[in-house]
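# What the coordinates show
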Amino acid sequence: MLILANVRERWSSFLGAFVAVLVGVALITTTLVIYDSARAKVQPRYEGTAALVLPKQAVDTDGSPEDRMPWSRTEAEPLVSGLTKIPGVADAVVDRSFYAQAIKNGTPVTDEGADESGHGFASARMAPYRLVSGRAPVTANEVVVDRDLGAAVGSELTVNITKGREQFRVVGTVDGPGYYFSEQFAARHQPGVATIALIPDKGADTGAIVSGAKKAIGDHGSVVSGDGRSELQPEYIEHKRFLGVQLISAMALLGLFTTVFVVASMLVLSTGMRRREIGLLRTIGASPQQIRHMILGEAAVVGLAGSIAGCLAGVAATPLLLSILKGLDVTPPGMEITVAAWPLLTGSLVGIGVSVIGAWSAGRKAAPIEALLDSRSANQGMGRGRWIAGLSVLGLGALLTIGTATSTADNRVNMAIFATITLIVAAALLTPAFIGPAGRFLTAPFQRGGKAAPVLIRAELVANPRRAASLVAPVIAAVGFAVLLSGMVSTMRVAYPAGEALKVAGQTIVTPDGTPGNTDEVVADNPVGKAALPTRAFVETKNGKNSEQPGASTVLDVLGSRDAKWNKQGEAVLGKKTAGDLGLKQGQKVPVRFTDGATVTLRVSQVLPDDPARGDFVVARDLVRAHDPDALTDDIFVPGNAKASAAAPGVALHDAAAYALADYNTDAKLTESLAMMLIVIAVGYSVIAVANSMAMAAHGRRRDFEVMKSAGGTVRQLLFTSAGESALVIVIGAALGVLVTLPPLAGMAAGLSEATSSDVGLHLNSGVVIVAIIGTLMAALLAGAAVTSRTLKRQAA
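Bringing the overall build of the protein into the picture now. Looking only at helices and strands, the protein features 21 helices and 24 strands. Across the 797 residues that make up the protein, the buried fraction comes to 51%.

Below is the structure:
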């Protein structure tokens, strides 16, 4: 009861922490609700199935589960026969998916899932999609299409498949998406069997079907049912989910860090301002344990109240975030918001936990006898523990900064973010050591005028460095993240196109335009130049990283090349890292299983330094085409002495500069949008924290204002003093925010220079940085002035 009474009586001093918890929990709750709503769902084309039977799963070079290894036709036939005999199973359908896309008026029909739109007609039963008109396809030149495509039964339809454009007669239409061919045609395009769908009889027991399927399949694969069928997702949907999850994960991580950072600094400030009260409690007999319990109890109440309000605000803001993500095209089709319990509980636990931990940190030195010491001793800048912690975190930040320059391209951005977060924490811990000298230096030019305000500001910073450090901390975070995120985008925008253009200088690049890849028709039109044909293949090794997993196969990206240096039958060229992961050396033979289920033994002809342009596992192009009839070709690089062709539909030609810019712009929109969202979150949250901190500081100094006013100070002078102190704190925080961010950015620029073989300098977005500084400055000035003015009016009354 005493704790609740304290919170009610001192609500103004807890308001800042309450608002900080509310905003942080709202952000975390919103992102977690979106994350939960974006989880994989069963696709409509599998809704009519009782279960799906899938092959064994391979692992990647690190041992993590990855692709499943399709059965060959010979392996699948007895499995299908056994599954068909299970009681309650109407049919066991071999589901095949391959590239198919209609061409209308010389242009490919827009279809994000075109690379998996082709199926055998039996697959239509899985949804089930009904035959609206016509009949099932029988011959290789017949097709059944979605009625929404507008192709009439009996008409001719041009369909782009792996070989290129072919004419098909439309013999039927169904009430669902896709192109449905004869089973023989589908088997030629995807000879491997990756999925067997079990269609139930009406009223059949799904549990019994699943149990029978597991017995029938044995150790040849696995059975998924119910929500487990969501494992099968079209690649484009999975890619969107991946991008969306990456974006909201970054938002949640930033929200968590900012919440912890801001709430902790504000509770330190709040507890420090209660030093006199705590000292009085100690003099009348309160034990340190009782004071700690009081501080922790108050923080728990504030955290609980802020968490409840934050959860409600987060749920209310979720539609807005979903709308933004849909605008960025990073949500699965038809995604809807579902509010589960765990995001709300997680957000609440974070809010309460952060409040309690922050209060514990702030109250460690408030409860002991230090509370009774004179103000100068109580507010000394740095203790031994803080020096050790600050220097240790600073050293870690330096190591991460070095790692930013030396890490791989995939890890460079994450390393820069972690390095900046670490350096921001280090700066916040070490700030009390800089406050006094910085205050003396910045106020020195104003000392000669004989004004009292500079003297008071200087004295305040020197006498209360911890309080000033708590005010500076959110400014460091706001400016630091604004500099980092905007600088990363600006630096990458210069680096990546320049490096890519340098690699392909003098060449014409043939790229897909409205299609998922280049067909064999396009390759035939451009017979000269690099035309990599990618596929997924599986390798079993005895002495690689995964040798401890008996029978485990490693899945790899394999490239089929028509380059005379690598296009040699029976041979494979490996990158050094891949060879090491697999435990292979030059001259060794390795069995490679392709997606059609066939295994081919290849000799490792060369092990070369890693080169992304060449590939990590390169074989003859004809070998890939023989075992993966549905593979589409990557971009074709035609040398300057040959003429590129764009005669086939769905093709575009680019020179080096245009290709590099187009390639970068593919992800640049998402990258820049992510950066701006994170900047808005970091700066906006920190601005709220700055405003709260300044308001709390001004409210806590009301007794000081009384003394200064009784000594002859005017309202104007006191407001000027408050504004001057706020401005000085913002200047110090902004300077530290910029300084801690420059090393990671410089490290990233150095790494990009090496990776792109071009001269990449450090680029900053001055506009974003200025807006962040001005925003925090205006928030601090307005909050400080408003509370100071209100306090002075009350005193006058």
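If a residue is not glycine, its phi is most likely negative; likewise, a peptide bond is most likely trans. The amide bond that connects alanine 127 to the next residue, proline 128, takes the cis arrangement and shows omega of -5°. Mapped onto the secondary structure, proline 128 falls in the loop between strand 7 (118-120) and strand 8 (131-134). The phi angle at asparagine 105 is positive, at roughly 55°, despite the residue not being glycine. Mapped onto the secondary structure, asparagine 105 falls in the loop between strand 5 (101-104) and strand 6 (107-108).

Our focus in this paragraph is the sheet that holds strand 13 (residues 195-200). If you walk across this open sheet you meet the four strands as 4-13-1-14, and the pairing is antiparallel. Each end of this open sheet is capped by a strand with a single partner; those strands are strand 4 (89-95) and strand 14 (221-224). Looking at each pair of strands side by side, their axes are set apart by 20° on average, direction ignored. For strand 1 (residues 51-55) and strand 14, the ladder comprises four bridges, and the chain directions are antiparallel. Opposite leucine 52, over in strand 14, you have valine 224 as the bridge partner. Against the sheet, helix 3 (residues 73-84) touches strand 1, strand 4 and strand 13, its axis set at about 155° to strand 4. Packed on one face of the sheet, helix 5 (residues 206-217) meets strand 1, strand 4, strand 13 and strand 14 and runs near 175° to strand 14.

A few words on the pattern of salt bridges. Applying the stated criterion across every chain yields a total of 16 salt bridges. Taking the shortest distance from any N to any O, the salt bridge between arginine 169 and glutamate 156 comes out at 3.1 Å. Taken together, the positions of arginine 169 in strand 11 (residues 164-174) and glutamate 156 in strand 10 (residues 156-161) put the pair 13 residues apart, joining distant regions of the chain. Owing to a relative accessible area of 44%, glutamate 156 belongs among the partly exposed residues under this scheme. A salt bridge links aspartate 520 to arginine 625; its shortest N-O distance comes to 2.8 Å. Taken as a pair, aspartate 520 in helix 15 (residues 520-525) and arginine 625 in helix 17 (residues 621-627) lie far apart in primary sequence, 105 residues in all.

The nonpolar side chains of soluble globular proteins are, as a tendency, buried together. Formed by 62 residues in total, the largest nonpolar core has its most connected members in Ile34, Leu247, Met251, Leu325, Ile424, Phe481 and Met488. Not counting residues within four places of it along the chain, the set of residues in contact with isoleucine 34 comprises Ile248, Thr318, Leu321, Leu322, Leu325 and Met335.

This part is about the sheet that holds strand 16 (residues 530-531). Ordered by their spatial adjacency, four strands build an open sheet running 16-23-15-24, and the pairing between neighbours is antiparallel. Each edge of the open sheet carries a strand with a single partner, namely strand 16 and strand 24 (651-654). Two strands pair when backbone bridges link them, and strand 16 and strand 23 (residues 636-638) are joined in this way by two bridges, in the antiparallel orientation. From the neighbouring strand, alanine 531 faces strand 23, where its bridge partner is isoleucine 636.

So, on to a nonpolar patch on the surface. Taken together, the side chains of Ile770, Ile774, Met778 and Leu782 present a nonpolar region at the surface, about 390 Å² in accessible area. Topologically, methionine 778 is positioned in helix 21 (residues 766-796). On the basis of relative accessibility, which here comes to 42%, the residue methionine 778 falls in the partly exposed class.

Further remarks concern the environment of histidine 239. Topologically, histidine 239 is positioned in helix 6 (residues 235-273). The class of histidine 239 is partly exposed, set by a relative accessible area of 44%.

Reading the values: rules and limits
- Residues numbered from 1 in each chain as written.
- Predicted model: local features only at pLDDT ≥ 70, side-chain atom pairs only at ≥ 80, totals over all residues.
- Heavy atoms only, no water.
- Helix = DSSP H or I, 4+ residues; strand = E, 2+ residues; numbered from the N terminus.
- Buried < 20%, exposed > 50% of the residue type's maximum accessible area, 1.4 Å probe, protein only.
- Pairing = 2+ DSSP bridges.
- Axes fitted to C-alpha atoms, helices over the stretch in contact; angles between N-to-C directions.
- Contact = heavy atoms within 4.5 Å.
- Salt bridge = Lys/Arg side-chain N within 4 Å of Asp/Glu carboxyl O.
- Core = buried A, V, L, I, M, F, W, Y, C linked by side-chain atoms within 4.5 Å.
- Patch = residues over 30% accessible without salt bridge, like charges linked within 9 Å, V, L, I, M, F, W, Y side chains within 5 Å.
- Areas by Shrake-Rupley, 256 points an atom, 1.4 Å probe, with all protein chains shown as cover.

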